[in-house]
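Residue strings, one per chain:
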Amino acid sequence: MTPQSPASIGWLGTGRMGTAMAARLVGAGRPVTVWNRTRAKTQPLAKQGAIVADSIAGLAGCDLVFVIVSSSADLEQVTLGAGGLLTGERQPGILVDCSTVSEETSARIRTAAAAAGTGFLAAPVCGNPEMLAGGHGSFIVSGPADTYDAVRPDLERIAKTVVHVGAEEQSRLVKLCHNLYLGMMVEALVEVVTLAEKGGISREAFLEFFNASALTSDWIRRRSPELVRRDWTLTFTNELLRKDFDLGLGAARQLEVPMPAGSAVYQLVQAAIEHGLRDEDFLSLYQMRAQAAGLL
């Protein structure tokens, strides 16, 4: 295999995000072999034409393997743990990790991949499953330029925006900054919605006005109907948001960057989890503000 021509593709992790992303490659006619800890979650992709591997080892011989898992510990397990991608007789030509993990974990995987002769890209993805299914997500990528050039066509088959930001772990910090802002933005939104509502203005009327102003965004426009209905259709849980705030605020401490707003929002996310909203979409932060204001 040459880095310029990844012919076979493996995909590890077929949760809601991974399935939407891998389906983009299958739909583009790329040969994809998939594996997931819970085999049943691979079936939607199998019905579209993907091959299902019986074990992680079934992906190790692929030219290119994408990974998307929930945490740093999960990434280490599927790459460096027993039967992991980098531990067998064969290793992938290129490994692309799309998870949101710590820089330290990413650096360990990069070192292990280099020792195994495997190229490595950190390519955390932004977007929810619906956006990714439509090709509207984005990748922030870091790693060697030649490895990035080899993989870029497949990244662009998955997402609308692909940006290379450095040769090492820079993409990890960019993704954490993105998710810190996302959490702070949502908390700010639900606070002002709650204030307007307590003053007698309906959520629908306030958001109709807000979405015609210069302060809105495509994300807010898209999620406004759910906020009006108090419909917490799952895109990103409070637990996952807390994990990303843990990582992001940890990076801020390491770099000596004060994050007063981010630190306050972290505590509010923690409170939401303690009040039973752990597995709800993070738009449910509205519920905490509305309860505190006596609206619920």
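Because the structure is a prediction, the values reported are computed rather than measured.

A. Focus on the overall build of the chain. A tally of regular secondary structure across the chain gives 13 helices and nine strands. Every one of the 296 residues in the chain was classed for burial, and the buried ones make up 51%. Taking the contacts inside the chain whose residues are at least 6 apart along the sequence as the reference set, 65% of them involve residues at least 24 apart.

B. Quick look at the packing of helix 4 (residues 72-80) against helix 5 (residues 103-116). In the contact formed by helix 4 and helix 5, the axes pass within 10 Å of each other and the chain directions differ by 10°. Of the possible angle classes, the one that applies to helix 4 and helix 5 is roughly parallel. The segment helix 4 lies against helix 5, with Ser-72, Leu-75, Glu-76, Thr-79 and Leu-80 engaging Thr-105, Arg-108, Ile-109 and Ala-112. A per-class count over the contact of helix 4 with helix 5 returns four nonpolar, three polar and two charged.

C. Representation of helix 4 in the model. Looking only at helix 4, the buried set comprises Ser-72, Leu-75, Val-78 and Thr-79. When helix 4 is viewed along its axis, its buried side chains cluster within an angular range of 135° and face the same direction. Check the buried side of helix 4 and you find it contacts strand 1 (9-12), strand 4 (64-67), strand 5 (94-97), helix 5 and helix 8 (170-198).

D. Representation of unusual backbone geometry within the structure. Positive phi values are uncommon outside glycine, yet Arg-230 reaches one of about 55°. Along the chain, Arg-230 turns up in the loop between helix 10 (218-229) and helix 11 (238-254). For Arg-230, a relative accessible area of 38% puts it in the partly exposed group. For Glu-256, which is not glycine, the phi torsion reads 60° and is therefore positive. Owing to a relative accessible area of 69%, Glu-256 belongs among the exposed residues under this scheme.

E. Just the packing of aromatic side chains, in detail. Applying the stated criterion across every chain, the model contains six aromatic pairs. Ring geometry for Phe-206 versus Phe-210: centroids 5.9 Å apart, planes at 25°, classification stacked. Within this pair, Phe-206 and its partner Phe-210 are both found in helix 9 (residues 203-210), separated by four residues, close to a single helical turn. Residue Phe-206 is classed as buried on the basis of its relative accessible area of 16%. Phe-210 gets classed as buried once you look at its relative accessible area, which sits at 13%.

F. Just the nonpolar core, in detail. By size, the foremost hydrophobic cluster in this structure holds 32 residues, and its most contacted members are Trp-11, Met-21, Phe-66, Val-96 and Phe-139. Put simply, the parts of the chain that give this core at least two residues each are strand 1, helix 1 (16-27), strand 2 (32-35), strand 4, strand 5, strand 8 (138-142) and helix 7 (145-158). Counting residues per element, this core draws most heavily on helix 1, which supplies six residues. Contacts of Val-96, omitting those with residues within four sequence positions, involve Leu-64, Val-65, Phe-66, Val-67, Leu-121, Ala-123 and Val-151. Formed by 31 residues, the second largest nonpolar core is a distinct cluster that contains Leu-241, Phe-245, Tyr-266 and Ile-273.

G. Representation of the pattern of salt bridges in the model. The final tally for this structure, using the stated rule, is 15 salt bridges. With its nearest N and O atoms 2.6 Å apart, the salt bridge here joins Arg-203 to Glu-197. Across the pair, Glu-197 and Arg-203 agree in class, each one buried.

H. Here's a closer look at helix 1. Look at helix 1: 16 Å from first C-alpha to last across 12 residues, which is about the 16 Å you get at 1.5 Å a residue. Looking only at helix 1, the buried set comprises Gly-18, Thr-19, Ala-20, Met-21, Ala-22, Ala-23, Leu-25 and Val-26. Among the residues trailing helix 1, Gly-29 stands out with phi positive, at a value near 85°.

I. Summary view of a nonpolar patch on the surface. Together, Val-163, Val-165 and Val-174 line one region of the surface with nonpolar side chains, adding up to about 180 Å² of accessible area. Note on placement: Val-163 falls in strand 9 (residues 161-166). The class for Val-163 is partly exposed, based on a relative accessible area of 40%.

J. Structural view of the side chain of Ser-72. Here Ser-72 shows up in helix 4. Classification of Ser-72 by relative accessible area gives buried; the value is 16%. Beyond its immediate stretch of four places on either side in the chain, Ser-72 contacts Val-101, Ser-102 and Thr-105.

What counts and how
- Residues numbered from 1 in each chain as written.
- Predicted model: local features only at pLDDT ≥ 70, side-chain atom pairs only at ≥ 80, totals over all residues.
- Heavy atoms only, no water.
- Helix = DSSP H or I, 4+ residues; strand = E, 2+ residues; numbered from the N terminus.
- Buried < 20%, exposed > 50% of the residue type's maximum accessible area, 1.4 Å probe, protein only.
- Contact = heavy atoms within 4.5 Å.
- Axes fitted to C-alpha atoms, helices over the stretch in contact; angles between N-to-C directions.
- Parallel < 35°, antiparallel > 145°, perpendicular 65-115°, else oblique.
- Nonpolar A, V, L, I, M, F, W, Y, C, P; charged D, E, K, R; others polar.
- Arc of directions from axis to C-beta.
- Phe/Tyr/Trp six-rings, centres within 6.5 Å; stacked < 30°, edge-to-face > 60°.
- Core = buried A, V, L, I, M, F, W, Y, C linked by side-chain atoms within 4.5 Å.
- Salt bridge = Lys/Arg side-chain N within 4 Å of Asp/Glu carboxyl O.
- Expected span 1.5 Å × (residues − 1).
- Patch = residues over 30% accessible without salt bridge, like charges linked within 9 Å, V, L, I, M, F, W, Y side chains within 5 Å.
- Areas by Shrake-Rupley, 256 points an atom, 1.4 Å probe, with all protein chains shown as cover.

Worth remembering: the numbers are spatial, not functional.
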